[in-house]
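Each chain, letter by letter, is given below.
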Amino acid sequence: MLVGLQHVSTVFPGQAPRVLSGMRPTGRLHLGHYHGVLKNWVKLQTEYECFFFVADWHALTTHYNEPHVIEENVWDMVIDWLAAGVDPNSATLFIQSRIPEHAELHVLLSMITPLSWLERVPSYKDQQAQLKDRDLSTFGFLGYPLLQGADILIYRAAMVPVGEDQVAHVELTREVARRFNHLYGREPDYEARAEEAIKQIGKKNGKLYHELRRAYLERGDREALTTARALLERQKNITLGDKERLFGYLEGGGKIILPEPAALLAPTARMPGLDGRKMSKSYDNVIALRDDPAVIENKLKTMPTDPARVRRTDPGDPGKCPVWPFHLVYSDDKTRAWADQGCRSAGIGCLECKRPMIEAVLAELKPIQERAAEFARDPQLVRNIVAEGGKRAREIAGETLADVRAAMGLGYS
Ligand code: TRP
Ligand code: SF4
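Residue positions are given per chain, counting from 1 as you read along its sequence in written order. Chains and ligands are labelled sequentially in the order written, the chains with letters from A and the ligands with numbers from 1. Side-chain atom pairs in this predicted model are given and counted only at pLDDT of 80 or more, local residue features only at pLDDT of at least 70, and totals for whole chains, interfaces and linings cover all residues. Side-chain measures were taken over the full set of non-hydrogen atoms in the model, leaving aside hydrogen atoms and water.

Taking an unreviewed UniProt entry as the reference, the chain is identified by name as Tryptophan--tRNA ligase belonging to Candidatus Muproteobacteria bacterium RBG_16_65_34. UniProt positions are given in the numbering used here, feature names are shortened, and annotations may be inferred rather than shown by experiment. Word for word, the UniProt comment on the chain under Function (unreviewed entry) is "Catalyzes the attachment of tryptophan to tRNA(Trp)." The UniProt entry for the chain carries this comment under Subunit (unreviewed entry): "Homodimer."

Encoded structure:
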């Protein structure tokens, strides 16, 4: 599901929309991450230009007094991504703190972000209340969503796959982008510059552009808008700045320097933990992707079931059993029908019921663990992948930042 879809790809319609997401390196990845996030990334990378990064600065906002946690988890997290099928040939992988442009954009955006916008983001107060053992009354923590906004806007990402809890951060990002474009997208001589840029695309194209623009602005003809965008996309002889100017001019407004992103909610595969609550390290109810198979088997064998089944002869209700969501993810219809019927009639025991699900979990994790072991044996390869991704990311980040600096009066050379 897309939140804010109408803005997707406002800048360069010809190109596959850019997708960006980050993950905080605060612990080992588990099945919740795999089903809730990684499988979606693996799919997205085949359809879009994807950027995935380790949000180590974001981890520091809450774990500033435990730097070792971050250090220990950064590379393991990248290994888990790769093992899960994130492909460095399709997606760009990097570490946030290696791209200082994120920080500069964060500072620049902080100039125009009202304090009240940050204070009213729900996660700000919620997290402070929930993580009582940490002092989160810091400047860094208040700025968390704006830093996330900088992460997104620096790549002019159209789509941001996130969980429900992050939608408010993407919404803030949209508001900041809008404010930015409003403040800086309107150069005083905007109109004249746009008309000047039109001359660069040739007489015929220029005339067509004007006609299409009028069709859209005067009659709301969306087809004309699409055609005009495609026309611009084909132009090779104009600068990036002029191109952006003409994309913005098409819609009547100013130059869109920072396009508004849309949140992309993952198709929620509900993968709760061993006790039925959300799978989370803090509940100690996880199956880590790299848990030893014997440990996984033991965790699953001993996970709780419907409390009504005290004895083997007591019938149960799958709806009240933490094992059932595992069957929903891992079993086919036939196995599910067998488990459901066997549970309700006390025809099967719980261990018997779990058996096919345990086998399916182990089978799913086997190739992932094998790949993880390969990458773990070759740390240099992993570092090279991240260095390579960082280089690509920095190039794009640098382009955006140059536009932002110039727009804010810092374009000295
Ligand atoms: N805040 C996100 C989380 O906790 C991580 C994150 C940081 C992120 N920057 C981002 C996600 C940019 C998407 C886009 O999950
Ligand atoms: Fe749960 Fe299966 Fe036992 Fe029923 S038989 S309580 S579904 S583990």
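Caption draft 1: Seen up close, the pattern of salt bridges. The salt bridge criterion pairs a side-chain nitrogen of Lys or Arg with a carboxyl oxygen of Asp or Glu, the two atoms within 4 Å. The full count for this structure, using the stated rule, is 27 salt bridges. The shortest N-O distance in the salt bridge between E49 and R18 comes to 3.1 Å. You can see E49 sitting in strand 3 (residues 49–54) and its partner R18 sitting in strand 2 (residues 18–23), a full 31 residues away along the chain. Accessibility here uses a 1.4 Å probe with only protein chains present; expressed as a share of the type maximum, an area under 20% marks a residue as buried, one over 50% as exposed, and anything in between as partly exposed. Given the relative accessible area of 29%, E49 is considered partly exposed. If you follow the salt bridges from partner to partner, you end up with E171, R174, R178 and E260 in one network. Put simply, DSSP H or I for four residues or longer makes a helix, DSSP E for two residues or longer makes a strand, and each gets a number counted from the N terminus.

Caption draft 2: Highlighting empty space enclosed by the protein. A 1.4 Å probe that fits but cannot get out identifies a cavity on a 1 Å grid over protein atoms alone, an open set with protein on both sides within 12 Å along at least five of seven lines counts as a pocket, and a residue lines either if it has an atom within 4 Å of a point. Grid points are joined across faces, edges and corners, and a volume is the space filled by probe spheres set on the points. Taken as a whole, this structure holds one cavity of 30 Å³ or more when the rule is applied. Taken as a whole, the largest cavity encloses approximately 90 Å³ of empty space. Surrounding the largest cavity, 13 residues form its lining, P318, C321, V323, C343 and C353 being those nearest its centre. When residues of the lining of the largest cavity are traced back to their parent elements, those giving at least two are helix 15 (324–330), helix 16 (333–344) and helix 17 (350–377). If you tally residues by element for the lining of the largest cavity, the top one is helix 17, at three residues.

Caption draft 3: Quick peek at the packing of helix 3 (residues 67–84) against helix 17. Relative to each other, helix 3 and helix 17 sit at 135 degrees, their axes nearing to 8 Å. Of the possible angle classes, the one that applies to helix 3 and helix 17 is oblique. Judged by the twist between their axes, the crossing of helix 3 over helix 17 is right-handed. Across from I79, L82, A83 and A84 in helix 3, the residues of helix 17 making contact are I368, R371, A372, F375 and A376. Residues were grouped as follows: Ala, Val, Leu, Ile, Met, Phe, Trp, Tyr, Cys and Pro as nonpolar; Asp, Glu, Lys and Arg as charged; and all remaining residues, including Gly, as polar. Here the contact of helix 3 with helix 17 is composed, by residue class, of eight nonpolar, no polar and one charged. Here the axes come from fitting lines to C-alpha atoms, over the contacting stretch only for helices, and the angles between their N-to-C directions go from 0 to 180 degrees. Roughly parallel refers to an angle under 35 degrees, roughly antiparallel to one over 145, roughly perpendicular to one between 65 and 115, and oblique to any angle outside these ranges. Crossing handedness is defined as follows: a turn of the near helix away from the far one that is anticlockwise and smaller than a right angle gives a left-handed crossing, while the clockwise case is right-handed. The contact rule is simple, with two residues in contact once any of their heavy atoms fall within 4.5 Å.

Caption draft 4: Up close: the packing of aromatic side chains. Only rings of Phe, Tyr and Trp enter the pairing, Trp through its six-membered ring, and a pair is recorded when the two centres are within 6.5 Å. The plane angle decides the type: under 30 degrees is stacked, over 60 is edge-to-face, the rest tilted. Going through the model one piece at a time under the given rule, you end up with nine aromatic pairs. When the ring of W41 is compared with that of W81, the centres are 5.0 Å apart and the planes differ by 75 degrees; the resulting orientation is edge-to-face. Here W41 is found in helix 1 (residues 31–47), whereas its partner W81 is found in helix 3, with 40 residues between them in sequence. Accessibility assignment for this pair places W41 and W81 in one class, buried. These aromatic residues form a ring-pair network of at least three members: F51, F53, F94 and Y155.

Caption draft 5: Representation of the nonpolar core. Here, nonpolar core refers to any group of buried Ala, Val, Leu, Ile, Met, Phe, Trp, Tyr and Cys residues whose side-chain atoms link them within 4.5 Å. In terms of nonpolar packing, the biggest core is built from 53 residues, with L31, L38, F52, W81, L300 and F326 touching the most fellow members. Counting contributing residues, this core receives three or more from each of domain 1 (4–184 + 260–269 + 379–407) and domain 3 (290–377). Residues within four places of W81 in sequence aside, it is in contact with M23, L29, L38, W41, F52, F53, V54, V86 and L93. Counting residues in hydrophobic clusters, the runner-up holds 43 residues, among them Y124, A157, L172 and A263. Delimitation of the domains relies on an automatic or database domain assignment.

Caption draft 6: View of the site of ligand 2. Near residues are defined by distance, with any heavy atom within 4 Å of the molecule or strand qualifying the residue. Surveying the vicinity of ligand 2 reveals the residues T305, D306, R309, C321, V323, C343, C350 and C353. More than half of a molecule's atoms within 2 Å of the grid points is what it takes for that molecule to sit in a cavity or pocket. Mapping ligand 2 onto the cavity grids shows that it belongs to the largest cavity. Classifying every residue of the shell around ligand 2 by side-chain character gives five nonpolar, one polar and two charged.

Caption draft 7: View of the packing of helix 2 (residues 56–63) against helix 3. Taken N-terminus to C-terminus, the directions of helix 2 and helix 3 make an angle of 150 degrees; their axes are 9 Å apart at the nearest point. One way to sum up the angle between helix 2 and helix 3 is to call them roughly antiparallel. Crossing of helix 2 against helix 3: the hand is right-handed. Contacts from D56, A59, L60 and H63 of helix 2 reach helix 3 at P67, V69 and I70. Classifying every residue of the contact of helix 2 with helix 3 by side-chain character gives five nonpolar, one polar and one charged.

Caption draft 8: Region of the structure containing the site of ligand 1. Around ligand 1 sit 14 residues in total, of which R24, Y144, Q148, D151 and Q166 are the nearest. Side-chain atoms alone can form a polar contact between residues adjacent in sequence; in general such a contact is a pair of N or O atoms within 3.5 Å, and within protein one must be able to donate a hydrogen while the other accepts it. Contact distances for ligand 1 include 3.0 Å between a nitrogen atom and a side-chain N or O atom of Q148. Between ligand 1 and Q166 there is a distance of 2.8 Å, counted from a nitrogen atom to a side-chain nitrogen or oxygen. Surface accessibility in these figures is a Shrake-Rupley result with a 1.4 Å probe; residues are shielded only by whichever protein chains are displayed. Alone, ligand 1 offers 370 Å² of accessible surface; in the complex the protein occludes 88% of this. Of all elements in the fold, only strand 2, helix 8 (144–153) and strand 5 (159–162) reach the threshold of two or more residues within the shell around ligand 1. By residue number, the principal contributor to the shell around ligand 1 is helix 8, which donates four residues.

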